[in-house]
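Chains, contacts and geometry: an overview
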Amino acid sequence: DAGITQSPRHKVTETGTPVTLRCHQTENHRYMYWYRQDPGHGLRLIHYSYGVKDTDKGEVSDGYSVSRSKTEDFLLTLESATSSQTSVYFCAISEAGGNGYTFGSGTRLTVV
Amino acid sequence: GESVGLHLPTLSVQEGDNSIINCAYSNSASDYFIWYKQESGKGPQFIIDIRSNMDKRQGQRVTVLLNKTVKHLSLQIAATQPGDSAVYFCAENYGANSKLTFGKGITLSVRP
């Protein structure tokens with residue numbers, strides 16, 4: 001999707017295990033975002049980044065951490081996965097904050 | 001694909017008719033608005049945007065109308081086709097370097 005790739009596309013993991021999702025972009029955009037999408041809740045922001053090593057929390061950041069060591073990669077880590085973190089996770093990129101986002105295809109994560 | 005349409009309001013239209021999808025936004029200071037389309041199992045895709053200094057903007061078969069007085073945004077789809085069946089989200093933004101706020105979405109179902 002327009003130079004943004006998420007991996008893996010699907011993952012099943014056990015409760016209590018760490019999980020890392022990757023977002024990779026080839027657009028050289030400054031801003032990157034992680035959202036989760038659940039029925040009835042729409043898209044909720046987990047964390048975002050406004051530059052290399054510059055990140056901030058979103059509205060549902062508890063239980064998640066992120067890292068951005070280079071422009072093209074934004075990693076989302078669940079330190080100890082819980083069943084409530086079963087969701088579809090979307091990464092998005094933006095050239096300038098507040099402008100339109102381009103979304104990746106999503107990662108479906110199931111915590112059992 | 002992911003059942004993101006669960007618990008969302010649904011608009012059902014006949015193929016060939018025009019569709020109007022409405023959205024009430026929350027921040028009277030928002031100055032940029034976007035409509036996204038999300039098909040089952042995919043990430044949201046940009047449809048059309050509008051800045052607050054405009055009331056109307058047209059794209060290919062789609063028109064966005066903005067009424068700032070009542071904080072209302074609408075998406076009109078002309079000659080609705082089966083491929084238009086999806087969940088539609090509005091999003092709003094205020095100021096540079098801020099983050100988009102997404103509505104919960106509306107499911108559009110096109111009857112053949």
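Residues numbered from 1 in each chain as written. Chains lettered and ligands numbered in written order. Predicted model: local features only at pLDDT ≥ 70, side-chain atom pairs only at ≥ 80, totals over all residues. Heavy atoms only, no water.

1. A word on the sheet that holds strand β5 (residues 56–58) of chain B
Residue and element names in this part refer to chain B. An order of β2-β7-β6-β5 is seen for the four strands of this open sheet, with the pairing classed as antiparallel. Strands with a single pairing partner mark the edges of an open sheet, and in this sheet they are β2 (19–24) and β5. Across this sheet, the average inter-strand angle for adjacent strands is 15°, counted without regard to direction. Bridge count between strand β6 (residues 62–67) and strand β7 (residues 72–77): six bridges; the pairing is antiparallel. Paired with Asn67 across the bridge in β7 is His72. (Pairing = 2+ DSSP bridges. Helix = DSSP H or I, 4+ residues; strand = E, 2+ residues; numbered from the N terminus. Axes fitted to C-alpha atoms, helices over the stretch in contact; angles between N-to-C directions.)

2. A closer look at the sheet that holds strand β8 (residues 73–78) of chain A
All names here are of chain A. Across the sheet, four strands lie side by side as β1-β3-β8-β7; this open sheet has antiparallel pairing. Single-partner strands in this sheet number two, and they are β1 (4–7) and β7 (64–70). The mean inter-strand angle of the sheet, taken between neighbouring strand axes irrespective of direction, is 20°. In this sheet, β8 lies alongside strand β3 (residues 19–25) in antiparallel orientation, the contact comprising six bridges. If you follow Cys23 over to β8, its bridge partner there is Phe74.

3. With respect to the interface of chain B and chain A
In this assembly, 25 residues from chain B lie in contact with 23 residues from chain A. Buried surface at the junction of chain B and chain A, summed over both partners, amounts to about 1,900 Å²; 55% is from carbon and sulfur atoms. The interface formed by chain B and chain A contains zero salt bridges. Where chain B packs against chain A, one counts three residue pairs in polar contact (both at pLDDT 80 or more). Sorting the residues of the side of chain B that touches chain A by element identifies β3 (32–38) and β8 (86–93) of chain B as the ones contributing at least two each. Of the residues in the side of chain B that touches chain A, the class split is 10 nonpolar, 10 polar and five charged. (Contact = heavy atoms within 4.5 Å. Buried area = accessible area lost by both parts, 1.4 Å probe. Salt bridge = Lys/Arg side-chain N within 4 Å of Asp/Glu carboxyl O. Polar contact = N/O pair within 3.5 Å; in protein donor to acceptor, adjacent residues only side chain to side chain. Nonpolar A, V, L, I, M, F, W, Y, C, P; charged D, E, K, R; others polar.)

4. So, the state of the cysteines
As enumerated under the stated definition, the model contains two disulfides over all chains in all. Between the sulfur atoms of Cys23 of chain A and its disulfide partner Cys91 of chain A the distance amounts to 1.9 Å. Measuring the twist about the S-S bond at about -75°, one finds the Cys23 of chain A-Cys91 of chain A disulfide to be left-handed. Linking Cys23 of chain A in strand β3 with Cys91 of chain A in strand β9 (residues 87–94), this pair joins segments that are 68 residues apart in sequence. On the basis of relative accessible area, Cys23 of chain A is assigned to the buried category, the value being 0%. On the basis of relative accessible area, Cys91 of chain A is assigned to the buried category, the value being 0%. The disulfide partner of Cys23 of chain B is Cys90 of chain B, and the S-S distance across this bridge is 1.7 Å. When the S-S torsion is 40°, as for the bridge of Cys23 of chain B with Cys90 of chain B, the disulfide is right-handed. Of this pair, Cys23 of chain B sits in strand β2 while Cys90 of chain B is found in strand β8, placing the two residues 67 residues apart along the sequence. (Disulfide = S-S within 2.5 Å. Buried < 20%, exposed > 50% of the residue type's maximum accessible area, 1.4 Å probe, protein only.)

5. Examining the pairing of β8 of chain A
All names here are of chain A. Summarising burial for β8: five of the six residues are buried, a large majority. Across five bridges, β7 lies against β8 in antiparallel orientation. If you follow Lys70 over to β8, its bridge partner there is Asp73. Between β7 and the antiparallel strand that follows it, β8, lie two residues.

6. Observations regarding unusual backbone geometry
Note: most peptide bonds trans; most residues except glycine with negative phi. Residue and element names in this part refer to chain A. Geometrically, the link from Ser7 to Pro8 is a cis peptide bond, its omega value of -10° lying close to zero. Tracing the backbone shows Pro8 in the loop between β1 and β2 (10–13). Not every positive phi belongs to a glycine, and Lys53 is a case in point at roughly 65°. Exposure remark for Lys53: the relative accessible area of 66% places this residue in the exposed category.

7. Comments concerning the confidence of the model for chain B
Summing up the model confidence of chain B, the mean pLDDT is 90 and the portion of residues at 70 or higher is 92%. Low confidence marks residues 1–6 of chain B, where pLDDT is under 50. Its contacts with residues over four positions away, or in another chain, come to 16 contacts. (pLDDT = per-residue confidence, 0-100.)

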